[in-house]
Amino acid sequence: MSKQLPPFVTFTSGAALLIELGLVDEITADGLRYHARKNPDWWRFGDREDQLPYLMAGGRTRTMETGAFLEMFKSGPRRGGQGNKPQPKE
């Protein structure tokens, strides 16, 4: 039986989910925030018209739609040596 994914993730829960699903070897919430700042063309969330908006929860907690969040990492993000690289297509 497959685990149901949450509809939204935070930077903290998103980092844990990426590790749990094996999309990265390791990452922290701060690592995700780094990607959001340093890879704006790849990061899908933000305030620009071409980005999905963050949904605010509680006052300052940003949430992201889980499906779009996971797709960023499935398609091979720009990252250092911490993540699993996409497998070459045969």
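Residues numbered from 1 in each chain as written. Predicted model: local features only at pLDDT ≥ 70, side-chain atom pairs only at ≥ 80, totals over all residues. Heavy atoms only, no water.

### Observations regarding the environment of W43
Here is step 1: Tracing the backbone shows W43 in the loop between helix 2 (29–38) and strand 2 (55–57).
Here is step 2: Look at W43 and you get buried, because its relative accessible area is 2%.
Here is step 3: Leaving out residues up to four positions away in the same chain, W43 has contacts with F11, L32, H35, A36, Q51, Y54, M64, F69, M72 and F73.
Here is step 4: Separated by 3.4 Å, the side chain of W43 and the backbone oxygen of F45 make a polar contact. (Helix = DSSP H or I, 4+ residues; strand = E, 2+ residues; numbered from the N terminus. Buried < 20%, exposed > 50% of the residue type's maximum accessible area, 1.4 Å probe, protein only. Contact = heavy atoms within 4.5 Å. Polar contact = N/O pair within 3.5 Å; in protein donor to acceptor, adjacent residues only side chain to side chain.)

### Some details on the sheet that holds strand 2
Here is step 1: If you trace the three strands from one edge of the open sheet to the other, you get 1-3-2, paired in antiparallel fashion. Strands at the two margins of the open sheet, each flanked by one partner only, are strand 1 (8–9) and strand 2.
Here is step 2: Pairing of strand 2 with strand 3 (residues 61–65), which is carried by three bridges, proceeds in the antiparallel orientation. Within the sheet, the bridge partner assigned to M56 lies in strand 3 and is R62.
Here is step 3: Packed onto the sheet, helix 3 (residues 66–74) meets strand 1 and strand 3 and runs at close to 75° relative to strand 3. (Pairing = 2+ DSSP bridges. Axes fitted to C-alpha atoms, helices over the stretch in contact; angles between N-to-C directions.)

### Section: the packing of helix 1 (residues 11–20) against helix 2
Here is step 1: Closest axis-to-axis distance for the helix 1/helix 2 pair is 8 Å, and the angle between their directions is 100°. Here helix 1 is positioned roughly perpendicular relative to helix 2, judged by the angle of their axes. Taking contact as the criterion, the partners of F11, T12, G14, A15 and L18 in helix 1 are, on helix 2, A29, L32, R33 and A36.
Here is step 2: Here the residues of the contact of helix 1 with helix 2 are counted per class, giving six nonpolar, two polar and one charged. (Parallel < 35°, antiparallel > 145°, perpendicular 65-115°, else oblique. Nonpolar A, V, L, I, M, F, W, Y, C, P; charged D, E, K, R; others polar.)

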